[in-house]
Amino acid sequence: MPYEELPESQFEGIKKTTKETVKNLPQSSKAYVKSLFPILTWMPRYNLQWFLGDFIAGFTIALILFPQAISYATKLANLPAEYGLYTGFVGCLLYSLFATSKDVTIGLTAVLALVVGQSINANLGSKAPVGERISFGITLSFWVGLIQLFIGTFRLGVVVDFVPIPVIAGFTSGACIQIQIQQLPGLFGVKGINTNDNPPYQILIDFLKAVGTGTSKYDAIFGCTALFFLFTIKYVFQHLAKKRPILRFIGFMRNAFVLIVFIGVSYAYRDRKDMPFAIVKTIPKGLSGVRGPDLSGSFTAKILPAVPSIFIISLLEHIAVVKMYGRQNGYTTNANQESIALGLTNLIGAFIGALPSTGSFSRSAIKSSSGVRTPFGTFYTGILVIIGLFTLTDVLYYIPNAVLSAIVIAAIFELFVNFKILKNVFHINILDGLGFMIALIVCLVSSIENALFASVGWSVLVLLARVARPQIKVLNRSAAGNWVDPLVEGPKIAASVTKAPEGILVFKIEESLTYPNSGFFADRLKETVLQSFRYTGSLKAASDKMWSDDTQERALAREKLGLETLPTLRAVVLDFSSVNFVDYTGLQALLDSKDDLVRFSGKPVEFYFVNVHRGYLSTVLRVPGVAVTGASIDVTPTAQEGKGLAALTKHFKKSESDVESQHERDSKALNYFFYTIDEAVAAADEESRDFYSQEQVEIKTSESVDGYLLNK
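Rules of the game
Residues numbered from 1 in each chain as written. Predicted model: local features only at pLDDT ≥ 70, side-chain atom pairs only at ≥ 80, totals over all residues. Heavy atoms only, no water. Helix = DSSP H or I, 4+ residues; strand = E, 2+ residues; numbered from the N terminus. Expected span 1.5 Å × (residues − 1). Buried < 20%, exposed > 50% of the residue type's maximum accessible area, 1.4 Å probe, protein only. Polar contact = N/O pair within 3.5 Å; in protein donor to acceptor, adjacent residues only side chain to side chain. Pairing = 2+ DSSP bridges. Contact = heavy atoms within 4.5 Å. Axes fitted to C-alpha atoms, helices over the stretch in contact; angles between N-to-C directions. Disulfide = S-S within 2.5 Å. 1 Å grid on protein atoms, 1.4 Å probe; cavity = no way out; pocket = protein on both sides within 12 Å on 5 of 7 lines; lining within 4 Å. Points joined across faces, edges and corners; volume = space filled by probe spheres on them. Nonpolar A, V, L, I, M, F, W, Y, C, P; charged D, E, K, R; others polar. Phe/Tyr/Trp six-rings, centres within 6.5 Å; stacked < 30°, edge-to-face > 60°.

Student: How would you summarise helix α15 (residues 335-349) if you had to cite specific residues and measurements?
Tutor: Given 3.6 residues per turn, any residue in an α-helix points the same way as the ones three and four places further on. If you check α15, its first and last C-alpha atoms are 20 Å apart, about what 15 residues at 1.5 Å a residue would give, namely 21 Å. In terms of residue burial, α15 counts as a mostly covered element, since 13 of its 15 residues are buried. You can read the cap of α15 off the contacts: a side-chain oxygen lies 2.9 Å from the backbone nitrogen of asparagine 336, and it is on asparagine 334.

Right under this line is the structure:
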């Protein structure tokens with residue numbers, strides 16, 4: 001049964017949507033503002049059990065955050081330790097008010113800290129003054145936060161969906177290897193190696209050359225011993241926790257335990273004039289080091305080149321960890337709201353001395369395992385970090401640098417991809433596997449920023465290739481009554497299929513018909529017709545044809561080589577069940593293809609449509625019938641039809657009779673639109689049968705002419 005009801009035009013749809021939007025504006029505005037503060041929906045139900053779970057998790061994360069924040073700031077971003085702590089407490093306090101995830105902890109992460117450090121070196125130089133480096137990192141947080149806030153406020157979080165998960169995994173794994181290589185000189189106390197500007201492979205080569213003679217004995221002992229204890233505590237208590245789950249908290253606090261032990265050992269050397277190992281030294285007490293961003297024009301010009309990479313990494317890493325824990329723990333998260341939460345954290349944090357922050361995989365994993373109940377768990381972490389800044393900075397003076405390198409190396413191990421899963425990625429989709437490898441390899445031979453752009457570029461290229469070169473199928477009817485492509489379904493189904501009635505082509509495109517693929521669609525349709533149907537158009541002498549028109553020769557040569565007599569093309573059935581949109585260029589391709597088939601067949605060849613979405617039905621209604629041709633809608637500068645002011649006025653000023661005629665044409669065109677392929681094929685067969693029967697006589701009488709042309 002064909003379609004019965006005419007669709008509304010796009011202008012009518014826009015008018016209707018606008019009217020409904022204005023009508024519901026007060027209610028929707030109220031709901032939107034409320035959605036910006038998720039805490040308002042659950043805070044009235046906050047209770048003692050939730051408080052206990054949140055406080056235990058918050059306290060646990062605070063013990064982890066101190067050593068990690070100091071390590072990431074000093075060893076990866078090459079900035080003073082206090083700015084890692086400022087980033088930690090600001091992120092925890094602000095994120096809890098706007099978050100949709102209870103498990104995620106915001107702050108400085110290993111990957112983001114390394115990229116911030118590389119961006120500072122690339123734009124200011126590795127020997128820039130410390131004050132300028134600090135201002136760069138803080139101002140970077142301001143601009144990144146501003147963009148993230150804009151993305152979330154206007155609900156543009158879809159941008160992160162353009163990067164697939166395997167590419168993120170490859171990028172993260174490559175960054176992990178790069179970070180670990182960069183920490184090797186610090187772990188062994190090897191000096192004189194440029195870990196700021198050189199790629200990872202060069203750092204590794206320089207380290208191996210210098211490790212025999214340039215190793216600091218005390219640094220190496222401290223670093224290697226700390227690394228051994230970190231892994232031992234982790235895996236021993238991971239095993240013991242299977243019988244006594246409470247013991248897992250000892251494993252979670254391994255960083256704090258190791259740090260306390262080695263601070264004690266370091267403190268024992270305090271009376272020596274020359275420390276035999278490197279230590280962190282002074283961390284300002286409280287918030288005395290707080291400073292704001294530098295928003296001057298000259299400094300902003302230096303900042304802006306670094307913003308895109310930091311913005312993408314921060315948002316991608318955050319959304320990835322948010323989605324992961326929402327999926328694992330069975331609650332719903334909102335990517336746009338998370339972008340707002342992250343943006344506000346970075347934007348406001350920049351005025352309190354914070355560096356760019358994002359969601360941490362490692363700390364979020366521990367927080368989730370610690371029994372956190374609400375997003376407010378991070379608030380308690382932030383309060384505890386502030387207390388620590390006012391009370392513990394004198395003790396933190398004695399932290400050995402080699403121990404910080406060990407903490408970074410141990411923490412980053414948790415971010416490696418599961419290589420068993422990677423094998424499945426290649427089996428499922430080799431292009432996704434190649435995306436993983438590109439991100440991983442570029443990380444190893446260049447900077448993380450270059451790896452990011454290379455992997456994102458690959459993702460966009462693959463996406464565009466899928467849109468521009470979609471699958472296009474010629475369908476036949478299976479024994480079960482389904483219309484399938486025998487070349488795709490396999491030999492068993494191919495052996496049982498029944499072709500469409502003679503002279504009818506059933507064609508399917510597995511993508512929206514838009515400007516990237518419209519030319520490909522038209523070429524494939526024309527090529528299929530040339531291969532499958534007899535040329536019955538007018539036979540022209542060589543002097544009467546366009547120099548580029550070889551359709552007649554190709555068709556006749558195909559018939560001469562064929563083992564069976566080719567049928568005459570009667571109609572084309574287009575299955576649009578996978579087409580979600582048709583743009584102007586797609587419509588042009590349909591009309592041009594129809595014109596080409598008329599010239600090929602020497603008679604009208606009608607298009608029948610199946611499963612056309614009502615959203616673009618008003619566009620495709622122009623194809624059936626003879627009222628519209630490809631030339632009549634051509635908008636190129638040299639197009640002859642519809643040019644001039646008079647034509648423009650006529651288009652916008654339609655008389656009542658013109659409107660009625662258009663309505664009548666559209667109503668007739670609906671007869672070419674069907675819900676099933678069987679219905680469309682039956683209609684095409686019936687309506688073209690009489691014309692086709694008359695063609696048999698014409699075909700036989702023209703065989704002598706065809707033979708003459710082929711012999712020529």
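Student: Can you break down the sheet that holds strand β9 (residues 673-674) residue by residue, with the values?
Tutor: In any sheet, the strands associate via hydrogen bonds between backbone groups, in a parallel or an antiparallel arrangement. The strand order across the open sheet built from 5 strands is β3-β6-β7-β8-β9, with neighbouring strands paired in mixed fashion. This sheet does not close on itself; its edge strands, each paired only once, are β3 (472-474) and β9. Here strand β6 (residues 504-509) pairs with strand β7 (residues 571-575) via 5 bridges, running parallel. When the sheet's bridge partners are listed, phenylalanine 507 is paired in β7 with leucine 574. On the sheet, helix α25 (residues 518-532) packs against β3, β6, β7 and β8 (606-610) and is oriented at approximately 155° with respect to β6. Of the strands in this sheet, β7 and β8 touch helix α27 (residues 584-601), which is tilted by about 140° from β8.

Student: So what about the state of the cysteines? Which residues, and what values?
Tutor: Applying the stated criterion to the full structure yields 0 disulfides. Among the cysteines around cysteine 443, which has no disulfide bond, cysteine 176 carries the closest sulfur, lying 9.0 Å off. You can call cysteine 443 buried: its relative accessible area is 0%.

Student: A description of the layout of surface pockets should follow, citing residues and the corresponding values.
Tutor: Unoccupied space between atoms shows up once a probe the size of one water molecule is rolled over them. Empty space within the second largest pocket amounts to approximately 920 Å³. In terms of lining, the second largest pocket is formed by 30 residues, of which the most central are Ile165, Ala169, Ala320, Met324 and Phe361. Contributions of two or more residues to the lining of the second largest pocket are made by α8 (165-188), α14 (307-329), α16 (361-369) and α20 (419-428). The greatest single-element share of the lining of the second largest pocket, amounting to 8 residues, is contributed by α14. Among the residues forming the lining of the second largest pocket, the class breakdown is 21 nonpolar, 5 polar and 4 charged.

Student: Go over the environment of phenylalanine 55 with me, naming the residues and quoting the values.
Tutor: In this fold, phenylalanine 55 is placed in helix α4 (residues 48-76). Overall, phenylalanine 55 belongs to the partly exposed group, its relative accessible area being 36%. Placed 323 residues apart in sequence, phenylalanine 55 and threonine 378 show a C-alpha to C-alpha distance of 8.7 Å.

Student: Can you explain the packing of aromatic side chains? Please cite residues and give values.
Tutor: In this structure the tally under the stated criterion is 34 aromatic pairs. Taking 6.5 Å as the distance between ring centres and 65° as the angle between the ring planes, the aromatic pair formed by tryptophan 42 and phenylalanine 376 counts as edge-to-face. Pair noted here: tryptophan 42 is in helix α3 (residues 39-42) and phenylalanine 376 is in the loop between α16 and α17 (377-391), with a separation of 334 residues, a long-range link. Relative accessible area serves as the criterion here: at 9%, tryptophan 42 is assigned to the buried category. A residue is classified by how much of its surface remains accessible, and phenylalanine 376, at 13% relative accessible area, is buried. Centroid distance phenylalanine 55 to tyrosine 380: 6.0 Å. Interplanar angle 65°. Geometry classified as edge-to-face. With phenylalanine 55 in helix α4 and tyrosine 380 in helix α17, this residue pair connects regions lying 325 residues apart in the sequence.

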